[in-house]
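# Coordinate analysis (summary)
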Amino acid sequence: MNGAQNLWRQGAGLVRLCIFCLGAALLASLLWPAVAQAAAEKNAPATTQQSALLGLNLGLAVGNQQDQFVVAQKLAALIGKAAQRKIIWETGFNLAKLKTAGSNGALPFSFAFVKPPNLTAALLAKGWRLVAVGQNTLHFGTDLIAQSCPGQPGKVLLGGSSLSILGMNALPAQVCVSPAQVWQSPSAVMLAPQQGSLVDLVAQKIWREHGGLPRHISRVNTQNAVIGLMRDLHVAAVGVVTPVVSKAWADQGGIVLAHQPMPFWALMAAPDVPVQQIEAVRSALLGGSASEVNRALHIPGWEVGDAKPYADFLKWLKG
């Protein structure tokens, strides 16, 4: 009898143990997904949970607001997918905005797409890194153009009544001179975009390298306004434009006085952006996934690029 009772007690203990094990297993199966998710979130890279700010500086030669929006959206989408970050973009990026970004809880700039090479050079000097550079099939730079003198092939028309629209108090005499004489001519008026803009500074540098200084500089807001005044109203000034504009100008019989090449557009990364994110974005730009960005920017593609041309350009500009 005692033997039977002991067997019964042992069997009951085994049953209770099995019930406990089954309960523990069931509880673990219910809790495991939540535990695994919490562990994954804890161990996931912090960058996947962060937003990043993309600054854009498209210079003065830009299209309409819709074109800028498309460029910004395409770039933000590509960078965000490659870096696994939510990208917020902001136009008008410059060194002043860079100084104030990140204060009072605002996002600092992590990436920047920059057209003016002097800004790219300044960022490189601050420790920013090149992600990639656009392939320059546009012969990017600054050109100086002028009107052809009627009946005198190869000569430049300067001065005269056409300059009255510029609001000048005294109009210089209308003359026809050779391209080499333009730089010292008292009738030469430089028609440039905003004072202090890169193309304005480059144009003055070109003029000095030809041994003179413009007697008068008239400024408008955009390069589109420069070509509009010269093409549509036949203003006999020396206009500051891009090579795309100057090519069309020459094709229509106008004169191109000078061309200064400049390093091309660049995508930059801030000093604190992890190397793996930079490499991921660079790979995306150099690969087929950048096709929509390329179409928006009207470029064929991207290359790794080199910091030296930007530093050399800034040295030339300030020299």
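Residues numbered from 1 in each chain as written. Predicted model: local features only at pLDDT ≥ 70, side-chain atom pairs only at ≥ 80, totals over all residues. Heavy atoms only, no water.

## Re the overall build of the protein
Each helix and strand in the protein was counted, giving 10 helices and 13 strands. Out of the 319 residues in the protein, the part that is buried amounts to 43%. Sequence separation of at least 24 residues holds for 76% of the intrachain contacts in the protein that already meet a minimum separation of 6. For the protein, the exposed area adds up to about 16800 Å²; of that, 58% sits on carbon and sulfur atoms. (Helix = DSSP H or I, 4+ residues; strand = E, 2+ residues; numbered from the N terminus. Buried < 20%, exposed > 50% of the residue type's maximum accessible area, 1.4 Å probe, protein only. Contact = heavy atoms within 4.5 Å. Areas by Shrake-Rupley, 256 points an atom, 1.4 Å probe, with all protein chains shown as cover.)

## Details of the nonpolar core
Core analysis: the biggest nonpolar cluster contains 76 residues, and Val281 and Trp302 have the highest contact counts within it. A total of 8 residues in this core trace back to one element, the largest contributor, which is helix α2 (residues 65-83). Among all residues touching Trp302, those that are not within four sequence positions of it are Phe113, Ala132, Val133, Gly134, Gln135, Leu267, Leu285, Leu286, Ala290, Val293, Asn294 and Leu297. If you look at the next biggest cluster of nonpolar residues, it comprises 15 residues, including Ile145, Leu166, Leu191 and Trp249. (Core = buried A, V, L, I, M, F, W, Y, C linked by side-chain atoms within 4.5 Å.)

## Some remarks on the pairing of strand β1 (residues 51-57)
The buried fraction of β1 amounts to 6 of the 7 residues, a majority that puts the element mostly inside the structure. Where β1 and strand β2 (residues 86-91) come together, 6 bridges link them in parallel fashion. Note on β2: the bridge partner recorded for Gly55 is Glu90. (Pairing = 2+ DSSP bridges.)

## Focus on the side chain of Ser218
As for its placement among the helices and strands, Ser218 is situated in strand β9 (residues 216-219). We classify Ser218 as buried; its relative accessible area is 9%. What Ser218 contacts, discounting residues up to four positions off in sequence, is Leu166, Val189, Met190, Leu191 and Ala192.

## Observations regarding the environment of His216
Looking at where His216 falls in the secondary structure, it is placed in strand β9. In this structure His216 comes out as partly exposed when scored by relative accessible area, which is 30%. Each C-alpha atom of the pair His216 and Met190 lies 6.4 Å from the other, and the pair is 26 residues apart in sequence. In this structure His216 touches Met168, Ala188, Val189 and Met190, once residues within four positions along its chain are discounted.

## Here we look at the pattern of salt bridges
Overall, the coordinates contain 6 salt bridges when judged by the stated rule. For Glu292, the salt bridge goes to Lys74, with nearest N and O atoms at 2.9 Å. In this pair, Glu292 sits in helix α9 (residues 291-297) while Lys74 sits in helix α2, placing the two residues 218 residues apart along the sequence. A salt bridge links Asp312 to Lys308; the shortest N-O distance between them is 2.7 Å. Pair noted here: Asp312 and Lys308 are both in helix α10 (residues 308-318), with a separation of 4 residues, about one helical turn. The class of Asp312 is partly exposed, set by a relative accessible area of 37%. (Salt bridge = Lys/Arg side-chain N within 4 Å of Asp/Glu carboxyl O.)

## Topic: unusual backbone geometry
The phi angle at Gln84 is positive, at roughly 60°, despite the residue not being glycine. Relative to the assigned elements, Gln84 resides in the loop between α2 and β2. A positive phi angle, close to 60°, is found at His298, a residue other than glycine. Tracing the chain through its elements places His298 in the loop between α9 and β13 (302-303).

## Some words on the sheet that holds strand β3 (residues 109-114)
Across the sheet, 6 strands lie side by side as β2-β1-β3-β12-β4-β13; this open sheet has mixed pairing. In the strand order of this sheet, the two ends are held by β2 and β13, each with one partner. Where strand β4 (residues 129-134) lies against strand β12 (residues 266-269), 4 bridges are found, and the strand directions are antiparallel. From the neighbouring strand, Ala132 faces β12, where its bridge partner is Leu267. With respect to the sheet, α2 is in contact with β1, β2, β3 and β12, its orientation differing from that of β2 by roughly 150°. (Axes fitted to C-alpha atoms, helices over the stretch in contact; angles between N-to-C directions.)

## Topic: the state of the cysteines
Simply put, the disulfide is a covalent bond whose two ends are the sulfur atoms of two cysteines. Per the counting criterion, the structure on display carries 1 disulfide. Disulfide pairing is shown between Cys149 and Cys176; the S-S distance is 1.5 Å. Taking the torsion about the S-S bond as the criterion, the Cys149 to Cys176 disulfide, at about 45°, is right-handed. Here the residue Cys149 occupies a position in the loop between β5 (141-148) and β6 (156-158), and Cys176 occupies one in strand β7 (residues 175-177), the gap between them amounting to 27 residues. Residue classification places Cys149 among the buried residues on the basis of a relative accessible area of 5%. With relative accessibility at 26%, the residue Cys176 sits in the partly exposed group. (Disulfide = S-S within 2.5 Å.)

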